[in-house]
Amino acid sequence: MNLLQKSLLKLGIKNKDTRRTIELNQLYKFLGIDSEANKDTLSEATYFSCLKVLSESVGKLPLKILKHTENNGVFTMRDYALYTVLHDRPNPYMTASTFWSTVEFNRNHYGNAYVWIQGAGDNLKLWILPSTDVQVWYDDGKILAEQPDIYYIYTGGGKTLKFGSEEILHFKTSNTFDGLMGVPIQEQLKSTLTGAIKSQKLVGKMYESGFTAKAVLQYTGNLNDENVKAFVKGIEAYSKGELAEEGIENIIPIPLGSQLTPLNVKLADNQFIEVKQYTALQIASAFGIKPYQIGDYTKSSYASTEIQQLSFYVDTLLYIIKQYEEEITYKLLSREEIEQGLHVKFNVNVILRADLSTQIDTLSKGVAGFIYTPNEARAMLDLESKPGGDKLLGNGASIPVELAGTQYIKSDTSEGEDPKKDAKKEGEEEDNGQGEN
């Protein structure tokens, strides 16, 4: 146990992430257990595809700062200093797309992603901390502050740094037992991923052996161990095609009195493909990934794919981006700014955008229904505004609901007669009568 950990334990600060401590890694090595075995999970095709889909989905969503207006609308705060950091360049070395996709990749693979908030205002920068180098400690003994707080201990480059909860953006998976630390998906799928990796290695070995798993070599005579090894190595060299450079590829020479009987493994007989597909679906399901997103189109059509995209947003992405928005809004905006209506929001329209024909039809109905102005509809199609297009237009036949049906109310006069004309006639007759008197 290092000096820092001893000091923190004496102060009553408990470690909330002991799985990645140096002591455990040393214990793993002492017991002969590879503590870096989880790196193999990235070599599993379905697992990597799921990480790729989620990280790219978050990376392609523009992150904006919006403000509520007095008319219950919102407008984008493009002149705000934080807008450029979140939308364009979190730090000098990463674009926003690369930055947020990297954060999402770490969040899923390690269960937690950490972003250091450096500076403030125009000098604000965001830096991704390696998840494996950060430990989370809870000061429930109120030693370091008057109120219990969470501290993030980062060890890297020979230095150890302590950050308070307000200095770190912490994004975690939805699977958590204490609300502080997320559980990596690879731990939940440990047995499933192990089987998937082994099946992938099996196919690789079968490619190397020419899809011949094992073979029985029968021979006569007594051979010592060294002769047997040399004999077998020669047969394997011929069968694997290792002598192709010498022009020997398809012929396996067998000495007299010997017989080579291959023990072929038929993948179809073992339902290998079916089992592998089922395993892939299990992994994708744990991530909330739809089958078509990992290349399984057996039960998909164009129409169902559109519905699945909406389902992917509602069932999977909505929770993720809501967590991002809440964490960023709380830690990067002041209380006064939040009270003024400022908030951070992803623009999900980029993934829910329909084809051009559907967009035009939808926007036309929105303009006709007094929902959008023509210029607002044009802006959604990336078209410039036009003079006079900032007024609400719509169907002229529309009337307020309280006047609905008044056009069908008939007067007591006979059909075809104008009440105004009748009243005028009556007035003229009265005037004439008075004149005669």
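Report on the accompanying structure. (Residues numbered from 1 in each chain as written. Predicted model: local features only at pLDDT ≥ 70, side-chain atom pairs only at ≥ 80, totals over all residues. Heavy atoms only, no water.)

**Topic: the overall build of the protein**
A tally of regular secondary structure across the protein gives 15 helices and twelve strands. Residue burial in the protein is summarised as follows: out of 437 residues, 31% are buried. The contacts in the protein between residues at least 6 apart in sequence include a share of 59% that link residues at least 24 apart. Entry remark: accessible area of the protein is about 28400 Å², with carbon and sulfur atoms responsible for 53%. (Helix = DSSP H or I, 4+ residues; strand = E, 2+ residues; numbered from the N terminus. Buried < 20%, exposed > 50% of the residue type's maximum accessible area, 1.4 Å probe, protein only. Contact = heavy atoms within 4.5 Å. Areas by Shrake-Rupley, 256 points an atom, 1.4 Å probe, with all protein chains shown as cover.)

**Notes on the nonpolar core**
Core analysis: the biggest nonpolar cluster contains 44 residues, and Leu-86, Trp-100, Leu-126, Phe-171, Phe-287 and Ile-328 have the highest contact counts within it. In terms of residues, this core owes the most to one element, helix H10 (residues 302–332), which gives eight residues. Counting ten residues, the second-largest nonpolar core is a separate cluster that includes Ile-150, Tyr-152, Tyr-154 and Met-181. (Core = buried A, V, L, I, M, F, W, Y, C linked by side-chain atoms within 4.5 Å.)

**Focus: the pairing of strand S9 (residues 168–172)**
Counting buried residues in S9 gives five out of five residues, a clear majority hidden from the surface. Neither face of S9 is exposed, since Ile-168, His-170 and Lys-172 on one face and Leu-169 and Phe-171 on the opposite face are all buried. Bridging between strand S4 (residues 112–118) and S9 involves five bridges; their strand directions are antiparallel. Bridge pairing in S9 links Tyr-114 to His-170. (Pairing = 2+ DSSP bridges.)

**Let's talk about the packing of aromatic side chains**
Taken as a whole, this structure holds nine aromatic pairs when the rule is applied. Where Trp-100 meets Phe-171, the ring centres are 6.4 Å apart and the plane angle is 80°; that geometry is what we call edge-to-face. Of the two residues, Trp-100 sits in helix H5 (residues 96–110) while Phe-171 sits in strand S9, which places them 71 residues apart along the sequence. Residue Trp-100 shares its accessibility class with Phe-171, and that shared class is buried. Ring geometry for Trp-100 and Tyr-324: centres 6.1 Å apart, planes at 80°, overall edge-to-face. One end of the pair, Trp-100, is in helix H5; the other, Tyr-324, is in helix H10, with 224 residues separating them in the sequence. You can call Trp-100 buried: its relative accessible area is 1%. (Phe/Tyr/Trp six-rings, centres within 6.5 Å; stacked < 30°, edge-to-face > 60°.)

**A look at the sheet that holds strand S3 (residues 74–76)**
The sheet built from three strands is open, its strands ordered S3-S2-S12 with antiparallel pairing. Since the sheet does not close on itself, it has two edges, and those belong to S3 and strand S12 (342–346), each with one partner. Going across the sheet, the axis of each strand differs from the next one's by a mean of 40°, ignoring polarity. As paired elements, strand S2 (residues 63–68) and S3 share three bridges and run antiparallel to each other. Bridging from a neighbouring strand, Lys-67 pairs with Phe-75 of S3. (Axes fitted to C-alpha atoms, helices over the stretch in contact; angles between N-to-C directions.)

**Points about the pattern of salt bridges**
Across all of its chains, the model carries six salt bridges by this definition. Between Glu-56 and Lys-52 there is a salt bridge whose closest N-O contact spans 3.2 Å. In this pair, Glu-56 and Lys-52 are both assigned in helix H3 (residues 45–59), four residues apart and thus about one turn of the helix distant. Residue classification places Lys-52 among the partly exposed residues on the basis of a relative accessible area of 39%. Between Arg-107 and Glu-104 there is a salt bridge, with the nearest N and O atoms lying 2.8 Å from each other. Pair noted here: Arg-107 and Glu-104 are both in helix H5, with a separation of three residues, about one helical turn. When sorted by exposure, Arg-107 lands in the same class as Glu-104, which is buried. (Salt bridge = Lys/Arg side-chain N within 4 Å of Asp/Glu carboxyl O.)

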